[in-house]
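Residue-level listing of the chains:
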Amino acid sequence: MLAHMARQSMSPSPALFKAIMNLKPIGSHTAHICEATDAAYSNAEVKDGSSGDTGYPFGQIKPLLTVGEFDKATGFMLVGVPDGMGAYLVDDSTVRIVFQSESYGTFGGAGESFPFLVNNNGASFTGSHVMYVDYDRGMLADFMSHDESAEHMVKAAGDVITGAFNLNGKLVEPRNKTGCTAQPHYSNTDPNGCGLWHEINNVPAPEQADYVLQSLCAAHLEERHQWGQNLGVEDNLFITNEEWIEYVGGSNYVGIPAHVIDLATGHMHATGVFTLGGFEKIVEVNCGVEGYVCFSPSGYNGNFGVPSKTDEAARKNALGKRPDGTDYVYPQDIVPGRLYIGKKGYNAQGQPASDFLSRNGLAYGKVYGFSTDVTATTGGMFIDAYSRVMPPGSKVEGAFYPIDWQWDGTVKSFMHDGSWAFQHLTVDGTPFWTGNGRDASAAKTEHNSPDPYGGPRFIHGSTAGWIGLYDFTGVASLIAAAHQSSSFPAKIPAHYTLLQGEQDITSQIELGGKGRKANGAHQTHMSDSYKVASDGTVTDSAKVTFEDIDGLEWIAAAGTADGYVIIQEDGGNDFGERTIISKVETSGKKMAFYFIAQSGGDDNTRNKAGVGVPAGTNLDPGAAHEFSGSMDLSGMLAKNSDGSFKIKAGAPGSKREAEATVNVNEKILAMGLQAHSLNGGVIHAFRGDRGGQLYAYRPKLP
């Protein structure tokens, strides 16, 4: 397998043999890419392949895996940069961590990752991979009690995806390089499977694969009946999504969907029910009704890299204007908080069906967006402006309204997609509460996370720097009532609570004596633009707000009804991106933000010195790092007083229930780190894209 993964241009060169000599098994690295404080202000040796300061102020961190490592049994190599993740019990002695690489193939990054085959028909993908690593459950439960590496507890690893079904529900076929493909991956073709690569995609075709699985960003793992008996999806699944792409302007592109992976079979199913505008993250929330599922989608809504958004909007308007007669604008980043309600056991035409997507409520359903009468409730402000001036705990009353579009199973041009419908007015004449109104783009809506206690709530974040909570209590009775007439709710009353606005947080950040930057300043301020002129003049943006909140995961814990949230920035911090943990406060009390760690930055001492893990991989010190993705492992690792584990594999609702019984300082959480600067050495040699690590983290909060 290693030979298949090796970069052809290197074989059998000395560089390849050097890379082979640096190969290490999965879990063997103990050195950290991230650090507690810059090496200029710690006693850590600045040495390639070695840790910086690991005296983290609010908890203990250990690597679970490092990109560039391989499985000892099969030779399978991990691919970076790591992003969306989840975990479940394969059996009562094995924890399976599933995570993906946010890789771009020919669309960017470090080039094509090694290809993987699907469907036993020769069809292949490069770009993002979805991978698994199996860990011994007992050893993982004890992992934070010693200094040993994770290598001894790794059981197996590999690619998750073995089969791929397209938006038509057909097995993806190899791409016809001279004409149309009957069963294509529609992200790279027109609705008929036609259009030569360069006619649709504004980048070169992959050299050794048919298609690019483009930029799988965040993801979420949903277990069967995770909210209780018969509540939630019917299979263990991993829901991921293509985030962005680059299309040729004026071409008949389809857009990019969510992909739902059946973890029992490894089959990946493209679904159009959420629209085809591309997504950051899609998570299941509990709507509390048997026979239905609820999901919250988030993301760009049309980041397709087209050369002229004005021209694309003109194409849409040529087909018909908005229902009120006004012109459409290009839909990217014109999107509210969203909710999807799906009916289990029905296909896209509303007919009884038992295929994978149908039985999980992911073939037939309605997309809703949050709307409010801004004149009456916010003084005319949309969400980004609202977050800049309103205090924590401020509430906005409104409702989730259905958009006037529904997936019908027919693949069409993006010009007919529901992504445009968030510019319509609701049936009550109110606009959807987007970041900046229905006529202008706004900051990107980033990660969201479901209420881990099972309430009808989800938390949402934005690159603007705000975090808010949507509460739609009452949805269960509305779905049940609509079921009687074989329909979906006409609207769902809800309210939004601002948890943290795009406002000064410097006094709320707790550094615990760490978080020092290379320039001597502290990580209470975010420096996404730091420059020293030839005459010594320093300019420093030193922002006082959160900047580009990306990763966000809501964690349950004993002793609190609202839990904790992991926050991960992606703002180009020149001294190292921050990751933070905070107790969720919904009553208006200011949240305290506890600094966990920092990583990367083009002015960071270790990064500038070319330090990487594995050694020899840091060839681009100016490239960014980013903590991305987190999850709670504690429910699977919690034990009874007699030392036995509390839950069994597959028991409905048990993992969520167990997570809520564990004190935050007794938890083992997991979180990912992307290290875009690590694109050389063993990672380059075996086409692993770019580097990163997955960590186990045990908080130690006051």
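The preceding data block contains the structure.
Residues numbered from 1 in each chain as written. Predicted model: local features only at pLDDT ≥ 70, side-chain atom pairs only at ≥ 80, totals over all residues. Heavy atoms only, no water.

*Asks:* Looking at this structure, how should I read the overall build of the protein chain?
*Replies:* Scanning the protein chain for helices and strands turns up 13 helices and 34 strands. Relative to its length of 702 residues, the protein chain is compact, with a C-alpha radius of gyration of 24 Å against a globular reference of 27 Å. Seen through its C-alpha atoms, the protein chain measures out along the principal axes to roughly 65 × 65 × 60 Å. For the protein chain, the residues scored as buried account for 64% of the 702 residues in total. Within the protein chain, the 78 negative side-chain charges are centred at a point lying 2 Å from the centre of the 52 positive side-chain charges. (Helix = DSSP H or I, 4+ residues; strand = E, 2+ residues; numbered from the N terminus. Rg over C-alpha atoms; globule rule 2.2 N^0.38 Å. Buried < 20%, exposed > 50% of the residue type's maximum accessible area, 1.4 Å probe, protein only. Lys, Arg positive; Asp, Glu negative; His and termini not counted. Charge placed at Lys NZ, Arg CZ, Asp CG, Glu CD.)

*Asks:* Would you mind showing me how to read the state of the cysteines here?
*Replies:* A disulfide bridge is the covalent bond that connects two cysteines by way of their sulfur atoms. Counted under the stated rule, the structure contains one disulfide. Disulfide pairing is shown between Cys 180 and Cys 194; the S-S distance is 1.9 Å. Between Cys 180 and Cys 194 the sulfur-sulfur dihedral comes to about 110°; the bridge is accordingly right-handed. Here Cys 180 is found in the loop between strand E10 (163-165) and helix H4 (197-200), whereas its partner Cys 194 is found in the loop between E10 and H4, with 14 residues between them in sequence. The partly exposed category is assigned to Cys 180, whose relative accessible area is 42%. Judged by its relative accessible area of 16%, Cys 194 is buried. Unpaired in terms of disulfides, Cys 217 finds its nearest cysteine sulfur in Cys 34, a separation of 19 Å. Exposure remark for Cys 217: the relative accessible area of 2% places this residue in the buried category. (Disulfide = S-S within 2.5 Å.)

*Asks:* Just to check I follow, could you spell out helix H5 (residues 309-318) for this structure?
*Replies:* Each turn of an α-helix holds 3.6 residues, which means side chains three or four residues apart point in the same direction. Of the positions making up H5, those classed as buried are Glu 312, Ala 313, Lys 316 and Asn 317. The buried residues of H5 occupy an angular sector of 145° when the element is viewed end-on, so they sit on one face. Immediately beyond the C-terminal end of H5, within one or two residues, lies Gly 320, with a positive phi of roughly 140°. (Arc of directions from axis to C-beta.)

*Asks:* I tried to follow the nonpolar core on my own but got confused; where do I start?
*Replies:* Where a protein is soluble and globular, its nonpolar side chains tend to be buried together. Core analysis: the largest hydrophobic core is formed by 68 residues, its most contacted members being Leu 64, Val 133, Tyr 135, Leu 140, Ile 581 and Leu 633. By residue number, the principal contributor to this core is strand E33 (residues 669-675), which donates five residues. Setting aside anything within four residues of it in sequence, one finds Tyr 135 in contact with Leu 64, Leu 65, Ser 93, Thr 94, Val 95, Ile 97, Leu 140, Met 153, Val 154 and Lys 155. (Core = buried A, V, L, I, M, F, W, Y, C linked by side-chain atoms within 4.5 Å. Contact = heavy atoms within 4.5 Å.)

*Asks:* What's the story with unusual backbone geometry in this structure? I'm lost.
*Replies:* Glycine aside, the phi torsion of most residues is negative, and most peptide linkages are trans. Note that the residue after Gly 80, namely Val 81, is joined by a cis bond; omega there is -5°. Considering the arrangement of structural elements, one finds Val 81 in the loop between strand E3 (69-70) and strand E4 (82-91). Look at the link from Val 613 to Pro 614: it is a cis peptide, with omega at 0°. Following the sequence through the fold, Pro 614 ends up in the loop between helix H10 (605-608) and strand E32 (625-632). We note that His 225 has phi near 50°; this positive angle belongs to a residue other than glycine. Residue His 225 is classed as buried on the basis of its relative accessible area, which comes to 1%. Here the phi dihedral of Asn 301 falls at roughly 75°; this positive angle occurs in a residue that is not glycine.

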